[in-house]
Amino acid sequence: MTRLSNATLGQIAAGVRRPAYDRAALRPGIVHLGLGAFARGHLAEYTEDALESRFGAWGITGASLQRPDQRDRLKPQDGLYTLLKLAPTGPELRVIGSVLDVLVAPESPAALVAKLASPETRIVSLTVTEKGYCHDPATGKLRADHPDIVHDLENPDAPRSAIGILVAGLRVRRAEGLGPFTALCCDNLPSNGHVLRGLVRDFAALTDDRLAAWIEANGAFPATMVDRIVPATTEADIAEVAKLTGLDDAAPVIGEPFRQWAIEDVFADGRPEWDQVGAQMVTEVAPFEFMKLRMLNGAHSSLAYLGYLAGHETVAEASGDPVLARFLQGLWSEIIPTVPAPQGVALADYAKALLARFQNPAIRHRTWQIAMDGSQKLPQRLLGTIRERLKAGAGIDHLALGVAAWMRYVTGTDEKGGAIDVRDPLAAEFKRRADVAGRNAEALSASLLGIEAIFGSDLPGEQRFRKPVTAHLAALFDKGAKATAASLG
């Protein structure tokens, strides 16, 4: 089958939306670190909408920080790819043209740093996942002992971490008399702009106090809240896109119709007019971010662990299970009292909308995918809510089950005795502790709670937390995930 590219775009099937502007006129004003499916299904589509509405000529240069796969898929396609939005009423397809090029950092760190230092680059955005920030999730501070940070401090001109790359680009810009670019974090981190500013400043201070002061005085680090379910693309998805479009596309993105983007309107050198195409430019992102982090992400993680253990491959299957749907309602009833509602948002309605999104049968968002990197996600998604509920003297039964389900999941063995592919920076540590504890819930709970990087120093000694988590973990071992969730009523 013919490959999607500039030359073949005219052959695409009727009804597929295609770029309605001159791609040759675009300028690479944005460099995006971590050009995965989410960035291409979110930031790149908002940028595409702005281009089609004749709002500027902002193009995107992607950068892969680890592997060349994305570059190798997109380069033969001239950066073009298909976005397939899966609605319950049927598929919607469009070709995205806002991505102009993809660099591969390990192949030439200097080339990526030069791109960040280019006067054309005005925004550097990031989706590198929580673990990509080389920080302590419990404190938000830079881990100076992280192997990538140690490497970048020793090799400032050949960085491999996102933080090291940002600082290297800013160092060159300052030396050449240029202003800083805007660093736009699009990852699910609490106060992500503030955290990124601190990490960049602290890394810079380890090498050059004057650079750190310049970044602090002149840098722009807007906070953001991003939301769209974008499952990992499968071979079946690639085949379906080829069938629907008539062209072979090695890099399609699958997503839900819903999207949301709240952005603090603080930029160093301009931005695309994303606000004209649906993004919310606000003075305070925190209420939107907080609502999403606790209500969507907290529910997503809890459902992923319980759903996987109960044998459900996707979020739609898991949330469509009446027992787990009731669990979600109970979970939200514990979360909502801890969430200040953003202006114009009714939290009960937001929860209903979340359940409808989760249950969209056209979206195959794998529970295993969401379950990745739990050690990085739990502190933000669940443990903050738990601390607040405990302080208020309120119950945490459903929240505690979410934590217990994570503990059961990271043992690496499912309810049928099969192996779980646990993807987490601490996976080896989890396995070591689980092998020692076996199926003894008291021993396993105590061991995992002892990981201070996840649970801090307060929660392990809090019996109102430790007791229900351990009891739920014992039930998960004895009765399984579905029966344990059902027991909550």
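Look up a bit, the structure's there.
Residues numbered from 1 in each chain as written. Predicted model: local features only at pLDDT ≥ 70, side-chain atom pairs only at ≥ 80, totals over all residues. Heavy atoms only, no water.

Q: How would you summarise the overall build of the protein chain if you had to cite specific residues and measurements?
A: Check the secondary structure of the protein chain and you find 21 helices and 13 strands. The C-alpha radius of gyration computed for the protein chain amounts to 23 Å, which stays within 12% of the reference 23 Å derived for 489 residues, consistent with globular compactness. Projected onto the principal axes, the alpha-carbon positions of the protein chain cover approximately 60 × 55 × 45 Å. Burial statistics for the protein chain: of 489 residues in total, 58% are counted as buried. Looking at the protein chain alone, contacts between residues at least 24 apart form 77% of all its contacts between residues at least 6 apart. Positive and negative charge centroids in the protein chain, built from 53 and 58 side chains respectively, lie 2 Å apart. (Helix = DSSP H or I, 4+ residues; strand = E, 2+ residues; numbered from the N terminus. Rg over C-alpha atoms; globule rule 2.2 N^0.38 Å. Buried < 20%, exposed > 50% of the residue type's maximum accessible area, 1.4 Å probe, protein only. Contact = heavy atoms within 4.5 Å. Lys, Arg positive; Asp, Glu negative; His and termini not counted. Charge placed at Lys NZ, Arg CZ, Asp CG, Glu CD.)

Q: Which residues make up the layout of surface pockets, and what values go with them?
A: Taken as a whole, the second largest pocket encloses approximately 320 Å³ of empty space. For the second largest pocket, the lining is made up of 21 residues, of which P137, A138, T139, G140 and K141 are closest to its centre. Contributions of two or more residues to the lining of the second largest pocket are made by helix 7 (192-205), helix 15 (374-391) and helix 19 (452-455). Of all the elements, helix 7 adds the most residues to the lining of the second largest pocket, at 6 residues. Among the residues making up the lining of the second largest pocket, the classes are represented as 9 nonpolar, 8 polar and 4 charged. (1 Å grid on protein atoms, 1.4 Å probe; cavity = no way out; pocket = protein on both sides within 12 Å on 5 of 7 lines; lining within 4 Å. Points joined across faces, edges and corners; volume = space filled by probe spheres on them. Nonpolar A, V, L, I, M, F, W, Y, C, P; charged D, E, K, R; others polar.)

Q: For the pattern of salt bridges, give the residues involved together with the corresponding values.
A: Per the counting criterion, the structure on display carries 36 salt bridges. The residue E388 makes a salt bridge to R294 at a minimum N-O spacing of 3.1 Å. Taken together, the positions of E388 in helix 15 and R294 in helix 10 (residues 286-309) put the pair 94 residues apart, joining distant regions of the chain. Residue E388 is classed as partly exposed on the basis of its relative accessible area of 35%. A relative accessible area of 6% places R294 in the buried class. (Salt bridge = Lys/Arg side-chain N within 4 Å of Asp/Glu carboxyl O.)

Q: How would you summarise the nonpolar core if you had to cite specific residues and measurements?
A: In terms of nonpolar packing, the biggest core is built from 79 residues, with M295, W332, W406, F455 and F465 touching the most fellow members. V31, V124, L126 and W214 belong to the second-largest nonpolar core, a separate cluster that totals 36 residues. (Core = buried A, V, L, I, M, F, W, Y, C linked by side-chain atoms within 4.5 Å.)

Q: Give me the lowdown on the environment of T338, citing residues and values where you can.
A: By the element assignment, T338 lies in the loop between helix 12 (322-335) and helix 13 (347-358). Given a relative accessible area of 6%, T338 falls into the buried group. With 54 residues separating them in the primary sequence, T338 and A392 have C-alpha atoms 9.6 Å apart. Within the structure, the side chain of T338 is placed 2.9 Å from the side chain of R294, a separation counted as a polar contact. Within polar-contact distance, the side chain of T338 engages the backbone oxygen of I335 at 2.7 Å. (Polar contact = N/O pair within 3.5 Å; in protein donor to acceptor, adjacent residues only side chain to side chain.)

Q: Which residues make up the sheet that holds strand 11 (residues 253-255), and what values do they have?
A: Spatial ordering of the open sheet is given by 4-3-11, a layout of 3 strands whose pairing is mixed. Of all the strands in the sheet, the pair left with one neighbour each is strand 4 (90-96) and strand 11. Averaged over all adjacent pairs, the angle separating strand axes in this sheet is 20°, with direction ignored. Packed onto the sheet, helix 2 (residues 43-52) meets strand 3 (81-87) and strand 4 and runs at close to 70° relative to strand 4. (Pairing = 2+ DSSP bridges. Axes fitted to C-alpha atoms, helices over the stretch in contact; angles between N-to-C directions.)

Q: A description of the sheet that holds strand 9 (residues 182-185) should follow, citing residues and the corresponding values.
A: Taken in spatial order, the 5 strands make up an open sheet running 5-2-1-6-9, and their pairing is parallel. Either end of the sheet is taken by a strand with one partner, and the two such strands are strand 5 (99-104) and strand 9. Averaged over all pairs of adjacent strands, the angle between strand axes in this sheet comes to 25°, irrespective of strand direction. The pairing of strand 1 (residues 27-33) with strand 2 (residues 58-64) spans 5 bridges and is classified as parallel. Looking at strand 2, one finds that L33 is bridged to A63. Packed onto the sheet, helix 4 (residues 109-117) meets strand 1, strand 2, strand 5 and strand 6 (123-126) and runs at close to 125° relative to strand 1.

Q: Summarise empty space enclosed by the protein; cite the residues concerned and give the values.
A: Scanning all chains against the criterion turns up 1 cavity of 30 Å³ or more. Its volume calculated, the largest cavity comes out at about 60 Å³. Lining the largest cavity we find D187, N188, L189, N192, T224, M225, V226, E289, K292, L293 and N297. Within the residue set of the lining of the largest cavity, elements represented by two or more residues are strand 10 (224-227) and helix 10. Here the lining of the largest cavity takes 4 residues from helix 10, the largest share from any one element. For the lining of the largest cavity, the class distribution of residues is 4 nonpolar, 4 polar and 3 charged.

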